[in-house]
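For reference, the chains in residue letters:
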Amino acid sequence: MKELGLVGGPLFFIGLRDKVADHAHLVMKGPMLSEAWVAELDAQRADIAAQK
């Protein structure tokens, strides 16, 4: 979670609500298998690492 710049625990849901409330456009993917979800997380981590 820290790699993605997200807080953990109960604060995660408060932060998520703030982000959703700030955006009129929300894109969600699913349903997806756990393997696809892990692959998506790995791709996001790689993108963030490449930006640093």
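Located above this text is the structure these notes cover.
These remarks concern the structure in this document. Remember, it's a predicted structure, so these values are computed and weren't measured experimentally.

### Some words on the overall build of the chain
Next, step 1: If you tally the helices and strands in the chain, you get two helices and zero strands.
Next, step 2: Scored against the burial criterion, the 52 residues of the chain give a buried share of 2%.
Next, step 3: As presented, the chain carries roughly 4900 Å² of accessible surface, and 64% of it is formed by carbon and sulfur atoms.

### Quick word on a nonpolar patch on the surface
Next, step 1: Together, V7, L11 and I14 give the surface a local cluster of nonpolar side chains, amounting to about 280 Å² of exposed area.
Next, step 2: Tracing the sequence through the fold places L11 in helix 1 (residues 10-22).

What counts and how
Residues numbered from 1 in each chain as written. Predicted model: local features only at pLDDT ≥ 70, side-chain atom pairs only at ≥ 80, totals over all residues. Heavy atoms only, no water. Helix = DSSP H or I, 4+ residues; strand = E, 2+ residues; numbered from the N terminus. Buried < 20%, exposed > 50% of the residue type's maximum accessible area, 1.4 Å probe, protein only. Areas by Shrake-Rupley, 256 points an atom, 1.4 Å probe, with all protein chains shown as cover. Patch = residues over 30% accessible without salt bridge, like charges linked within 9 Å, V, L, I, M, F, W, Y side chains within 5 Å. Salt bridge = Lys/Arg side-chain N within 4 Å of Asp/Glu carboxyl O.

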